[in-house]
Amino acid sequence: QAKAAREEASRMRARAETAELATEREAIGRRRDVSAAEAQRDAVRAEAAAKGRAADAALKEVEQATQRLRVERQAVERWASEEIARLGQQKESVEGALQESVQAAGALQELLAQQHSLAEAYREHAMVCTQQLQEAAAVGPPRPAERSRDAAEQRLLAASLVVA
């Protein structure tokens, strides 16, 4: 009976050791599972952090691009405003020059009309003088007093031509 008790105790000890080993193996397996889960969690966290940094970098690039576009737009708006002002001044200058040209053309046309009238008056005077010369030639040679009067008229005609 003592032997049976010893064998029973040995078997119980062996079962206990087997159960203890099985419990230890389960604990080791659980620790491995926990370690694997922690490693996976750390990998997911690292991936999320990398994606977060990439998103932050992309957001920063977008903000910088937006700022560059804002600065460029302001520069283009300033340039356009300056160009519009310059073209407005140029337009006013051209309009002023055109107005002056129109006035000068009017003055030239008036001067041309005056010259035409003067030329017509000279033509009529020349016809009168020619007629008088023809009449005088038919009458005979002029007397000395008439010669000086004709010379004075010719000098007056020449002086009025110079003035015109």
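Values in this document were obtained by computation on a predicted structure and should not be read as measured data. (Residues numbered from 1 in each chain as written. Predicted model: local features only at pLDDT ≥ 70, side-chain atom pairs only at ≥ 80, totals over all residues. Heavy atoms only, no water.)

## Some words on the overall build of the protein
Consideration 1: The helix and strand tally for the protein stands at two helices and zero strands.
Consideration 2: Here the protein displays about 14300 Å² of accessible surface, and carbon together with sulfur accounts for 59% of that area. (Helix = DSSP H or I, 4+ residues; strand = E, 2+ residues; numbered from the N terminus. Areas by Shrake-Rupley, 256 points an atom, 1.4 Å probe, with all protein chains shown as cover.)

## Observations regarding the pattern of salt bridges
Consideration 1: According to the stated counting rule, one finds nine salt bridges in the structure shown.
Consideration 2: Residue R41 is joined to D42 by a salt bridge in which the shortest nitrogen-to-oxygen separation is 3.3 Å.
Consideration 3: The exposure class of R41 is partly exposed, given its relative accessible area of 38%.
Consideration 4: Judged by relative accessible area, which is 39%, D42 ranks as partly exposed.
Consideration 5: Of the charged contacts, one joins E47 and K51 as a salt bridge, the two residues approaching to 3.2 Å between their closest N and O atoms. Here E47 pairs with K51, and both are found in helix 1 (residues 2-139), just four residues apart, close to one helical turn.
Consideration 6: Of the residues examined, E47 reaches a relative accessible area of 45% and is grouped as partly exposed. (Salt bridge = Lys/Arg side-chain N within 4 Å of Asp/Glu carboxyl O. Buried < 20%, exposed > 50% of the residue type's maximum accessible area, 1.4 Å probe, protein only.)

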